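# Results of the structural survey
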Amino acid sequence: MPISIPKENASVADQASLTFESPVLTKPKGGSDSGPTLEDLSGLTKTVIRAEPNAMDPPFGQALAVGDMLLCGQRPGEWLAVGEASDCAAFVDGLDRSGHVSVIDHTHSRAMFRLSGSAAPKVLEKICSLDWSDAMTPTGAVVSASVAKVTCDIARVDSDDGAPAYLIACDRSFGQYLFDAIADAGTEFDLRAL
Amino acid sequence: MTANRLPAQPGEYIDRSKPISFTWNGEPIQGFEGDTIASALTANGVRVVARSMKYHRPRGYLTNDFWDPNSFVQVGDDPNVRSAHRLAEANMAVEAQNVWPSLERDIRAANGLVSRFLTAGFYYKTFIKPQRLWPAYAKVLSTFAPGGTVDLDTPHRYHDKRYAHPDVVVAGGGPAGMAAALAAADEGASVMLVEHGHQLGGHLLWGDVNDRMLADELRSRVESHDGIEVLLDSTVTGRYDDNWTAIVQRSHPIAVERLIKARAKMLVVAAGLIERPYVFAGNDKPGVMTSGAVRRFVNMYAARPGTRAVVFTSNDDGDAAAEDLARVGIELARVVDARTGGNIVAAKGGAKSVEGVELADGSTVDCDLLVTAVGWTAPTSLLNMSGDRPVYDELAARFFPSRDIDTVLTTGGMAGDGSHEELVAHATATGRLAAGRAAVTTHRLQAATARAAAVSGAEPAWPSDDRSALPRHPQRELFRSTTHGIVDYSEDVGSKDLVAAAKEGYDSVELLKRYTTATMGPSQGKLETVNTVAVLAEARGETIEEVGTTVWRPPYAPITLGALGGRVFEPVRVSSIQPWHEANGVTTILAGQWIRPEHYGDPAAEVRNTRENVGITDVTPLGKLDLQGPDVPKLLSQLYTNKWMKLGVGNVRYGIMCAEDGVVLDDGVTGRLGDEHYLMTTTSSGAGAIWEWAENWLQTEHPEWQVHVTPVTTGFTSINVAGPKSRELVSRLVDDVDLSPEAFAYMQVRTGTVAGVPNCFMWRIGFTGELSFELHVPSGHGLHVWESLLEAGADLGVKAFGLEAQRIMRLEKGHFIVGQDTDGLTKAPSTGMGALIKLDKDDFAGKPELEWALQDQSLPHVVAIQTTDPRIVPEEASQIVRAGTNEILGRITSSRMSPTLNRSICLGQVAPEVAAAGSELTVVLTTGERITARVMEHHAHFDPEGERLRG
């Protein structure tokens, strides 16, 4: 249905596409090219699918690339699809909905950051009590943990060059706080905020 | 001033190319980089550095290491600094502490004159009566408290925290620790090597050329090994269940201290041995030192600790000390060898320095340095914390581990004696064993953890301990001479005190410790425990083994509160509209973790504008749960007290939730968005708890129900648009939803597009009593919609209002707030919501209790209250009492001055006998004044019929 907007608010109607407002409004300066990077990816589409625990791959605790999209088994019977809107929509369209399946758009619910670089595990060590070794949390691993006292979902998805990288998602309202906390933890490793 | 700086020594750790200067009690001190404060002071001829705790006796360095009980000084605003450990820095201001008026003339030394009366328990015995005077006593006694000065204006320093999961933590960086770390790392283990001091090497650092060669070789290998992380100036302060080890890192580029919480698969304890002082008369005179102390001064720092020495030796280390002293030109007045029957009886001389030694043969030898080498204490703390009770071995005159613990291994001096080769071989075997066991644990963890890398093959066998035991060298038992002296230097406890306490009946070592405070000072018993036990054993006529020892508990070494606090994490939550709030003069309030707008300058004006025009408020923290599935109505019926099986699509219903005891848990509205899709709202503070509550019912009681509950609280920015012009305002931004009262009535919900933002939820609900629309907007566009509302409604007089205005309006309307107007005992019937309790339902949470509660005539009632004098607003929590008495009948739970009614309004909980409309109440103000008030007919003070909100 076309939207009719009174004249005085024409500027609103003129917006061909709405600008997504990230919860991260300020980013610390500093860091070096050799240090880890922290990137705000809150604008990525994030879709939660809930179904029977064995309804699809990957299993709980693991991530799987589906085309350009990432699918994370973040809880038993719960998956998070992360990617561009079109990829996520296509994936959802193709879901087998015959059972008890729910699909919830979490794009606006969750802030998401990408922490990457060889020192990234050392940054996480300062704010999260999990074991970030390759044995316990290899690339493709998905965990839920407290990061700087905020409940987060984390997927390790290493960079193409093999450097460790982590997608960290938290409740949107904590976004600025958590971004700052991670950046602060990375100061000693010359972290750069992107 | 540096006349006591020796020529360059082959193993010295000072850098003579980098001189530094600092002050000691205001006087200049010259030193070099690498000096400790103690070595620089000693090289500058300083012998007295502190006063003892109780008797204020002059003290000099005794052990010249971290544990030295006489080493505490004030450095700038940093009190209680261990000067025999802290490295000297240029321009630091070092001062003696706990002295008045000066270190040389400390007037409190007068305590020593009455020392015979100041025995253990003196304060307790003397000042226990009369009890009423204790505050006065405490004030005076506190001036005698030991320690430095804390400047409360000192800026907060940065302390850091880190977690680690190494395969092996090695406590101790001596030869055994290094060898164990290398062996474990060579086997592929990740190793954290923790060394108390500033260099790796342990006792090899102050040893001979062979010692230094071994230290250099091991250190070189360790430092170049990728699998070993070396932590210097760090201490494993505690070992807890499953090898959870706490490590304090005192030197770090970004923090004054860092606490590392390491979950080690294996812990190797290689903490070495600590040289034990000897108990004899005058043993605390400056110039009395252990052999290790003088060897460190001479060999590591080229500092001359005296000019004429007597060495009392019973072992190789004492002999080596004598050789070192002679080598650097310090006159050896006498070597007294305990192995051939020699003994020392008393240190002679003035208070400020030893001047001679009385020997057991009756002779006296002049000297200004008395060196003792009487054996070792094994610092078995980490083993005690692991559950072991070490046992005493008379042959070696020290304690040893009693048994092996699967995940805690001991090596080095704590495990036995031997040559370099024997110690390194034992440590190497220990490191390999640790690595092998860590690998098994890693395999188990990976196999049991969903996210971990896959493991193949069967679990490896748990490696057995086939290490050859280290030999134990004989050491003569030397604890106390024929005279009495100080046992605990930190606490000023002498052997006489211990004997007296034993005679008083404190003859259990644990009781003796607490009564006399022996072993409870900052040395943590490392120097004192064995001597204390030995003196007690002698007093009881028993052996050390029979007396036993105290249990060493964490921390291994004292730890600062700053290190324990670590980094401060205080998560805060904000809505997407926060930037606008901040730019528009908001006063915020912290509600849980949420930073919320309380008001924008004048909450009363915000109320009036909303009542007259239209206001918007940010209610994002409102809890929101997405419910999907065919059995959602069953879940709602279980959680709420009212009925939910027939809620139509697009409709909204209010409900209250109770716990099993009938106490109100939460309230809110739930709307039906589709056939199997609902959105539940909860109170802002209850969002998390109600999610868990719902999941609890689904997962434990009704797993057969097909319902998915997903929290979406901050997925939507929630904006309440309230006021008589709210429909007009919303209509200017919404075109795909019919907003007319007929099509979109009170207690209905619609999905539509607001200001170009699709997928918004619009609710005809509100908390203010006004016609209102609650908009739930995808949060990535929340600020846009907020600003669009303000822009579109400028001609309507739209203004933002904050939490305070909202709370005033809800009170005017008589809406209670769960947790404020109810408490942990308020059952649902008390809230006036009895009609919402449907006992004809099969079941719901709290039903059995509520069946009874509905019949209970004694429950308090939540009622609206107005004071007789409309100008008086009783403070919330003011008591309501029976007139003329102090019998409590209730309390005011909410109160405000109403800008709409221009009078005071309240909600309160009152006893049923005064709950009827018109009942007169007596309210006690916080001033003590009593005022009268009246119970109102309705909860709502304003628009009780609800005409405004229905629009």
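Time to look at the overall build of chain A. Counting secondary structure elements, chain A contains four helices and 11 strands. In terms of overall size, chain A behaves like a compact globule, its C-alpha atoms giving a radius of gyration of 18 Å where 194 residues would be expected to give roughly 16 Å. C-alpha extents for chain A along the principal axes are approximately 55 × 45 × 30 Å. Counted over contacts in chain A with a minimum sequence separation of 6, partners at least 24 positions apart contribute 64%.

The next thing to look at is the overall build of chain B. Scanning chain B from terminus to terminus reveals 23 helices and 48 strands. Relative to the 2.2 N^0.38 estimate, which gives 30 Å for 951 residues, the radius of gyration of chain B is 38 Å and therefore markedly larger than a compact globule would have. Principal-axis analysis of the C-alpha atoms places the extent of chain B at approximately 110 × 75 × 55 Å. The proportion of buried residues among the 951 residues of chain B is 52%. Pairs at least 24 residues apart make up 67% of the contacts formed inside chain B by residues separated by at least 6 positions.

So, about the nonpolar core. Residue and element names in this part refer to chain B. Formed by 154 residues in total, the largest nonpolar core has its most connected members in Val168, Val170, Ala171, Ala180, Ala181, Val268 and Ala434. The element contributing the most residues to this core is helix α4 (residues 175-186), with nine residues. In this view, Val170 contacts Gly177, Ala180, Ala181, Val191, Leu193, Val194, Val268 and Ala270; residues no more than four positions away in its chain are not counted. The next biggest cluster of nonpolar side chains, apart from the first, holds 86 residues, and it includes Leu733, Phe761, Met762 and Leu907.

For interface size, the figure often reported is the accessible area lost on association. Between chain A and chain B, the contact holds 53 residues from the first and 49 residues from the second. Listed by contribution, the elements that provide at least two residues to the side of chain A that touches chain B are α1 (10-13), β2 (45-50), β6 (102-105), β8 (142-147) and α4 (175-185) of chain A.

With 100% of its residues at a pLDDT of 70 or more, chain B shows a mean pLDDT of 95. Scored as a complex, the prediction yields pTM 0.91 and ipTM 0.92.

Here we take up unusual backbone geometry. All names here are of chain B. The omega torsion across Trp100 and Pro101 is 0°, close enough to zero to call that bond cis. The topology assignment puts Pro101 in the loop between β7 (93-96) and α2 (122-126). Following Pro554, the chain continues to Pro555 via a peptide bond in cis, the omega torsion being 0°. Here Pro555 lies in the loop between α13 (544-547) and α14 (561-565). Phi is positive for Asn759, which is not a glycine, with a value near 65°. Among the residues examined, Asn759 registers 15 C-beta atoms within 10 Å and is labelled partly exposed.

Turning next to the packing of α4(B) against helix α9 (residues 420-448) of chain B. All names here are of chain B. Running from N to C, α4 and α9 cross one another at 40°; their axes reach a closest spacing of 7 Å. By the angle class used here, α4 and α9 are oblique. In the packing of α4 onto α9, the handedness of the crossing is right-handed. Every residue of α9 that contacts α4 at Pro175, Ala176, Ala179, Ala180, Ala181, Leu182, Ala183 and Ala184 is listed here: His420, Leu423, Val424, Ala427, Thr428, Thr430, Gly431, Arg432, Ala434 and Ala435. Across the contact of α4 with α9, the residue classes tally to 13 nonpolar, four polar and one charged.

What follows concerns the sheet that holds strand β18 (residues 308-313) of chain B. All names here are of chain B. Strand order in the open sheet made by the four strands is β17-β23-β18-β19, with parallel pairing throughout. Looking at strand neighbours, the two that pair on one side only are β17 (288-290) and β19 (331-337), the edges of this open sheet. Between one strand axis and the next, the sheet turns through 20° on average, direction left out of account. Of the strand pairs in this sheet, β18 and strand β23 (residues 369-373) are connected by five bridges, and their pairing is parallel. Looking at the pairing, Ala309 lines up with Leu369 of β23. Along the sheet, helix α6 (residues 291-301) contacts β17 and β23; its crossing angle with β17, the most-contacted strand, is approximately 85°. Each of β18, β19 and β23 touches helix α7 (residues 316-327); the most contacted strand, β18, lies at about 165° to it.

This part takes up the confidence of the model for chain A. The predicted model of chain A averages 90 in pLDDT, with 91% of residues at 70 or higher. Counting interchain partners and residues more than four positions distant, the pLDDT-below-50 stretch residues 1-16 of chain A has 21 contacts.

Before going further, it helps to spend a moment on the domain arrangement of chain B. All names here are of chain B. Split by domain assignment, chain B resolves into domain 1 (15-104 + 277-373), domain 2 (107-142), domain 3 (159-273 + 382-448), domain 4 (479-564), domain 5 (603-810) and domain 6 (860-951). Inter-centroid distance (C-alpha atoms) of domain 3 to domain 4 is 27 Å. On the domain 4 side, the residues contacting the 13 residues of domain 3 number 15 residues. Tallied by class, residues from the side of domain 3 that touches domain 4 come to seven nonpolar, five polar and one charged.

The next subject is helix α16 (residues 603-612) of chain B. Looking only at α16(B), the buried set comprises Pro603(B), Glu606(B), Val607(B), Asn609(B), Thr610(B) and Arg611(B). Where α16(B) is buried, its residues touch β31 (594-599), β32 (615-618), β38 (716-722), β42 (799-800) and α21 (803-813) of chain B.

Another point: the sheet that holds strand β33 (residues 623-628) of chain B. What holds strands together in a sheet is hydrogen bonding between their backbones, with the strands either parallel or antiparallel. All names here are of chain B. Across the sheet, five strands lie side by side as β34-β35-β36-β33-β37; this open sheet has antiparallel pairing. Each having just a single partner strand, β34 (652-658) and β37 (708-711) make up the two edges of the open sheet. Going across the sheet, the axis of each strand differs from the next one's by a mean of 25°, ignoring polarity. Alignment of β33 against strand β36 (residues 677-682), held across six bridges, turns out to be antiparallel. Paired with Gly623 across the two strands is Thr682, which belongs to β36. Against the sheet, helix α18 (residues 687-701) makes contact with β33, β34, β35 (664-674), β36 and β37, and its axis sits at roughly 165° relative to β37, the strand it touches most.

Residues and elements named next belong to chain B. With burial as the criterion, only one face of strand β47 (residues 920-924) is covered, namely that bearing Leu921 and Val923; the residues Glu920, Thr922 and Val924 on the opposite face remain uncovered. Pairing geometry for strand β44 (residues 879-881) and β47, over three bridges, is antiparallel. Within β47, the position partnered with Ile880 by the bridge is Val923. In this structure, β47 lies alongside strand β48 (residues 930-935), joined through five bridges in antiparallel fashion. Paired with Leu921 across the bridge in β48 is Ala933. Joining the antiparallel neighbours β47 and β48 is a turn of five residues, in which Gly928 adopts a positive phi near 100°.

It is worth spelling out the environment of Asp406(B) at this point. All names here are of chain B. Looking at the secondary structure, you find Asp406 in the loop between β26 (398-400) and β27 (408-410). Here Asp406 falls in the exposed class, since 12 other C-beta atoms lie within 10 Å of it. The sequence separation of Asp406 and Gly34 amounts to 372 residues, and the corresponding C-alpha distance is 40 Å.

Residue and element names in this part refer to chain A. Of all seven residues in strand β7 (residues 110-116), six are buried, a share of seventy percent or more. Relative to β7, strand β1 (residues 37-40) runs antiparallel, the two sharing four bridges. If you follow Glu39 over to β7, its bridge partner there is Arg114. In terms of strand pairing, β7 meets strand β10 (residues 165-171) through seven bridges, oriented antiparallel. The residue bridging Leu115 from the neighbouring strand is Tyr166, located in β10.

All names here are of chain B. Relative to each other, α4 and helix α5 (residues 209-223) sit at 35°, their axes nearing to 10 Å. You can see that α4 and α5 cross each other, and the crossing is left-handed. Across the interface between the two elements, Pro175, Met178, Ala179, Ala181 and Leu182 from α4 touch Leu214, Ala215, Leu218, Arg219, Arg221 and Val222 from α5. Residues of the contact of α4 with α5, tallied by class, amount to nine nonpolar, no polar and two charged.

The rules behind the values
- Residues numbered from 1 in each chain as written.
- Chains lettered and ligands numbered in written order.
- Predicted model: local features only at pLDDT ≥ 70, side-chain atom pairs only at ≥ 80, totals over all residues.
- Helix = DSSP H or I, 4+ residues; strand = E, 2+ residues; numbered from the N terminus.
- Rg over C-alpha atoms; globule rule 2.2 N^0.38 Å.
- Contact = placed C-beta atoms within 7 Å.
- Buried ≥ 20, exposed ≤ 12 C-beta atoms within 10 Å, placed from the backbone.
- Core = buried A, V, L, I, M, F, W, Y, C linked by C-beta atoms within 7 Å.
- pLDDT = per-residue confidence, 0-100.
- Axes fitted to C-alpha atoms, helices over the stretch in contact; angles between N-to-C directions.
- Parallel < 35°, antiparallel > 145°, perpendicular 65-115°, else oblique.
- Left-handed = near helix turned anticlockwise from the far one by under 90°.
- Nonpolar A, V, L, I, M, F, W, Y, C, P; charged D, E, K, R; others polar.
- Pairing = 2+ DSSP bridges.
- Domains from an automatic or database assignment.

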